[in-house]
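Reading the structure
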Amino acid sequence: MAVKTKATRAELIEVAQGRRPADLFIKGGTVINVYSGEFLKQNVAVYQDCIAYVGDSEAAIGQQTKVIQAEGMYVSPGFIEAHAHPWVMYNPISVTGKVLPLGTTTTVNDNLFFYLHMGAAGFKEMVKDLKQLPGNFFWLARLVSQADYPGEREWFNQADIGELLELDEVVGTAEVTRWPLLYNGDPFLLDTMEAVREKRKVVDGHTAGCSYEKLNSVVASGVNACHEAITAKEAFDRLRLGMWTTLRNSSLRPDLPEIIKMITEGNVNTSRILMTTDGPHPAFIEKEGFVDGLVRQAVELGIPPMKAIQMVTINAATYLRLDDFIGGVAPGKKADLLLLPDLVDFRPDIVIAGGEVAAEHGELQVMMPEVDWNKYVVREPFSFSKELLENTNLYCYPHMYPSEPVPVAYFRSNVITQRKDIELPSINGYTDLSNHEGLMQAVLIDRGSGWVSKAILERFAINLDGMASTYNTTTELLVIGRNPESMAKAAARVHEMGGGIVIVDKDEIVLEIPLTFTGMMTTDSSFDTAVEYHDELLAAMQKRGFPFHDILYTLLFLTCDFLPGLRLVPHGLYEVKTDEILLPSAPLSTFKCGIKS
């Protein structure tokens, strides 16, 4: 049972019959009934955290009942984001404080970076503390990381994962981005999915680039849903194979205008279709909104308002197997309600979460908990001294055979790369990029001092001397640039901060963004801080030749091992298509001050 309520069934019956006064009474509004597909002028009585009555009677109004006059307004279920990533510079508290006033009362969140840095014990403690958040804050537990690394299977072990899946707040397993593991029948994943099925919890999916034929095997493995369709045909493929099909519109993939055609042109049954923002960067939420933005755009694209709202309420709740508690306006359901002035903007005047007015006119009305984020973390930021980072050879690509071309990761788009073999000169066994504008050295350094992986990038930037970032899918230290001295200074500063992003021009630090919580998130409770950090970073990178629109996802996915092209991963420079390590990682211990031993 993932939702527990304060109100008892007996109390709700008494309120419904007018024998006990409601705490809150919404009078004269038009209820959006997502069960029947009707708009009905009705009153709604709320007791404690639950809806007790929906209808014409006013018998539940008592002397102490708070009455909200809702004439001319629509009473909607709270919006549900079934696939959230609460770590895109913002943190769970700051993003909740932003999206709750926009009408999202339930988020279901990926636990990847929390688990990577906290393990099971720390994550469980954080989940317990976050029960104080207004609204509903659920989790999906990762079974593997987004890039294989030494010791991964020991960290993501069956006992710890099983322990997390026992939590009421964990409603299932998160996307396995490395879906070929499922296609090939990985025993650990299949065993875990079978255990999840027995617990009646969900198995979220990620099948980017998966053909229809291969998709059959992934669905057979137990995956329930996928949000990775980028065309209407791909969305149809998933729906036809029985998957809950999630239409995405995010900062990286603003695909809704294309994939919504499966509904507007396909006349498809929408009962198994959801929508997601899939972890947009902070400025996207600031400009476009969150789930409210999905509904708004869907209606603009021709979806009837009722269907658009159903996709982010009852459909999502049913997929999550929480529809007995959330997703609709009906007796016994949790009182997560929105008062919408119209069915155009979908921006609520009032947001009620768990029976309490949580926001009015876009302003939060409830206190957010204060949390010491780093108390949960068991992984040290760095296990080596920053002096190691002063060795400039650490940032140079080895090129022992000048007669052979060097494999280069060319960015075709924000996150997709392709291999290019380029003839480059070498100096003292390292590549010389001085006469090749647009080529960058890239180095991934293990925080635990185990290994270092190297690559050369093209079309990432032009005049970037040095940057360092723990914001990437491994959260190791990623260093990119053309000037080894500048790269070393950026890396050393990130080391001093304990995580974050730093840009250096020659010898000057021109931008630094502290992300001390897992190396991915600010600890600031203000969402505005995350927006400011994002905007400063994107502007600084575009000034230095970054040609794309979403720098955070470029950094994030350069170090994953499931998207096309060359990838910089813990095992080395990896070619995804051929499943080949082109340049293996080297022990970090071989680098000493001034020389490589």
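Residues numbered from 1 in each chain as written. Predicted model: local features only at pLDDT ≥ 70, side-chain atom pairs only at ≥ 80, totals over all residues. Heavy atoms only, no water.

1. Re the overall build of the protein chain
Put simply, the test is: Runs of H or I in DSSP of at least four residues are treated as helices and runs of E of at least two as strands, each being numbered from the N terminus. Computation of the radius of gyration draws on C-alpha atoms alone. For the globule rule, the value is 2.2 Å times the number of residues to the power 0.38. In what follows, a contact means two residues having at least one pair of non-hydrogen atoms within 4.5 Å. Note on areas: Shrake-Rupley with a 1.4 Å probe; residue coverage comes only from the protein chains shown. In this charge count, Lys and Arg are treated as positive and Asp and Glu as negative; neither His nor the chain ends contribute. For the purpose of locating charges, the reference atoms are NZ of Lys, CZ of Arg, CG of Asp and CD of Glu.
Of regular secondary structure, the protein chain possesses 18 helices and 33 strands. Taken against the 2.2 N^0.38 rule, which gives 25 Å for 597 residues, the C-alpha radius of gyration of the protein chain at 25 Å falls within 12% of a compact globule. Based on the C-alpha atoms only, the size of the protein chain along its principal axes is roughly 85 × 45 × 45 Å. Of all intrachain contacts in the protein chain linking residues separated by at least 6 positions in sequence, the fraction that spans at least 24 positions is 69%. Surface summary for the protein chain: the accessible area is close to 22100 Å², and the carbon and sulfur share equals 48%. One way to put it: in the protein chain the 53 positive side-chain charges average out to a point 3 Å from where the 77 negative ones average out.

2. Description of the environment of Tyr183
Spelled out, the test is: In this scheme, a residue with accessible area under 20% of its type's maximum is buried, one over 50% is exposed, and one in between is partly exposed, where area comes from a 1.4 Å probe on protein chains only.
By secondary structure assignment, the location of Tyr183 is in helix 6 (residues 180-183). Residue class for Tyr183 comes out partly exposed when judged on its relative accessible area of 36%. C-alpha of Tyr183 to C-alpha of Phe113: the two residues are 70 residues apart in sequence and 25 Å apart in space. With residues up to four places along the chain from it excluded, the contact list for Tyr183 reads Lys214 and Ser217.

3. Topic: the pairing of strand 8 (residues 136-141)
Here is the rule we go by: Any two strands are treated as partners once DSSP identifies two or more bridges connecting them. By the criterion used throughout, a crossover qualifies as right-handed when its path from the first strand across the helix to the second strand runs clockwise, the strands pointing away from the viewer.
By the criterion of burial, strand 8 is predominantly enclosed, with six of the six residues buried. Side-chain alternation along strand 8 places Asn136, Phe138 and Leu140 on one buried face and Phe137, Trp139 and Ala141 on a second face that is also buried. The pairing of strand 7 (residues 104-110) with strand 8 spans five bridges and is parallel. For Asn109, the partnering residue across the bridge sits in strand 8 and is Trp139. Viewed along the sheet, the connection from strand 7 through helix 3 (residues 112-129) into strand 8 turns out right-handed. Inspection of the sheet shows strand 8 paired to strand 9 (residues 170-173) by three bridges, in the parallel sense. Bridging from a neighbouring strand, Leu140 pairs with Gly172 of strand 9.

4. A closer look at empty space enclosed by the protein
Heads up, the condition is: Here a cavity is any set of points on a 1 Å grid over the protein atoms alone where a 1.4 Å probe fits but cannot get out, and a pocket is any open set with protein on both sides within 12 Å along at least 5 of 7 lines; a residue lines the site when it has an atom within 4 Å of a point. Grid points are joined across faces, edges and corners, and a volume is the space filled by probe spheres set on the points. Charged means Asp, Glu, Lys or Arg here, nonpolar means Ala, Val, Leu, Ile, Met, Phe, Trp, Tyr, Cys or Pro, and polar covers whatever is left, Gly included.
Taken as a whole and assessed by the stated rule, the structure comprises five cavities of 30 Å³ or more. Taken as a whole, the largest cavity encloses approximately 90 Å³ of empty space. Every residue lining the largest cavity is counted, 14 residues in all, and those nearest its centre are Ala84, Val95, Thr107, Asn109 and Phe290. When contributions to the lining of the largest cavity are tallied by element, the ones reaching two or more residues are helix 2 (92-99) and strand 7. At three residues, helix 2 tops the list of elements feeding residues into the lining of the largest cavity. Its residues assigned to classes, the lining of the largest cavity comprises eight nonpolar, six polar and no charged.

5. A few points about the pairing of strand 28 (residues 566-569)
Looking down a regular strand, the side chains alternate between one sheet face and the other. Alternating residues of strand 28 divide into Leu566 and Leu568 and Arg567 and Val569, and every residue in both groups is buried. Judged from the four bridges that link them, strand 28 and strand 29 (residues 572-575) form a sheet pairing that is antiparallel. Counted as the bridge partner of Val569 is Gly572 from strand 29. Counting the residues in the hairpin turn of strand 28 and strand 29 gives two residues.

6. Regarding the sheet that holds strand 29
What holds strands together in a sheet is hydrogen bonding between their backbones, with the strands either parallel or antiparallel. For clarity, the cut-off: Only the stretch in contact is used when a helix axis is fitted, and all axes are lines through C-alpha atoms; the angle between N-to-C directions ranges over 0 to 180 degrees.
A sheet is described by the order of its strands in space; here three strands give the open sequence 28-29-30, paired in antiparallel fashion. The sheet terminates laterally at strand 28 and strand 30 (580-584), the two strands that pair on one side only. Adjacent strand axes in the sheet meet at a mean angle of 30°, parallel and antiparallel pairs treated alike.

7. Here we look at the packing of aromatic side chains
Put simply, the test is: Between rings of Phe, Tyr and Trp, where Trp is taken as its six-membered ring, a pair exists when centres lie within 6.5 Å; planes separated by under 30 degrees are stacked, by over 60 edge-to-face, and by other angles tilted. Placement of a charge over a ring requires the Lys NZ or Arg CZ to be within 6 Å of the ring centre, with the centre-to-atom vector within 35 degrees of the ring normal.
Scanning all chains against the criterion turns up 17 aromatic pairs. Residues Phe557 and Phe562 carry aromatic rings whose centres are separated by 5.7 Å and whose planes lie at 75° to one another, so their mutual orientation is edge-to-face. For the pair formed by Phe557 and Phe562, the shared burial category is buried. Linked through ring pairs, Phe114, Phe123, Phe137, Trp139, Trp373 and Phe517 together constitute an aromatic cluster. Here Lys214 stacks its cationic end above the ring of Tyr183, 5.6 Å away from the centre of that ring. Across from the ring centre of Phe382, 5.3 Å away, lies the NZ or CZ of Arg447, which sits over that ring.

8. Overview of unusual backbone geometry
In the Ramachandran plot, Asn428 falls in the positive-phi region, its phi being about 55° despite a non-glycine side chain. As for its position among the elements, Asn428 is in the loop between strand 20 (426-427) and strand 21 (430-431). A relative accessible area of 75% means that Asn428 is categorised as exposed. With a phi angle near 65°, Thr518 is a residue other than glycine that sits in the positive phi range. With respect to the element layout, Thr518 can be found in the loop between strand 27 (508-514) and helix 17 (527-543).

9. A closer look at the domain arrangement of the protein chain
Often the size quoted for an interface is simply the accessible area lost on bringing the parts together. Note the following rule: For the domain bounds, the source is a domain assignment made automatically or taken from a database. Put simply, buried area is how much 1.4 Å-probe accessible surface two parts lose in total, over both of them, once they are put together. The working definition used for a salt bridge is a side-chain nitrogen of Lys or Arg within 4 Å of a carboxyl oxygen of Asp or Glu. Whenever a nitrogen or oxygen atom comes within 3.5 Å of another N or O atom, the pair is scored as a polar contact, on the condition that within protein one atom can donate a hydrogen and the other can accept it, and that pairs from neighbouring residues in sequence are kept only if both atoms are in side chains.
Under the domain assignment, the protein chain is made up of domain 1 (1-75 + 327-364), domain 2 (79-326) and domain 3 (380-591). In this structure, domain 1 and domain 2 have C-alpha centres spaced 27 Å apart. The interface of domain 1 with domain 2 comprises 33 residues on the first partner and 30 residues on the second. Counting the surface lost from both domain 1 and domain 2, the interface buries some 2600 Å², and carbon and sulfur atoms represent 68% of this. The shortest N-O distance in the salt bridge between Lys4 and Asp168 comes to 2.2 Å. For the interface between domain 1 and domain 2, the tally reads seven residue pairs in polar contact (both at pLDDT 80 or more). At the level of elements, strand 1 (24-33), strand 2 (38-47), strand 15 (350-353), strand 16 (356-360) and strand 17 (363-364) are the ones that each hand at least two residues to the side of domain 1 that touches domain 2. No other element matches strand 15, which puts three residues into the side of domain 1 that touches domain 2. The residue makeup of the side of domain 1 that touches domain 2, split by class, is 18 nonpolar, six polar and nine charged.

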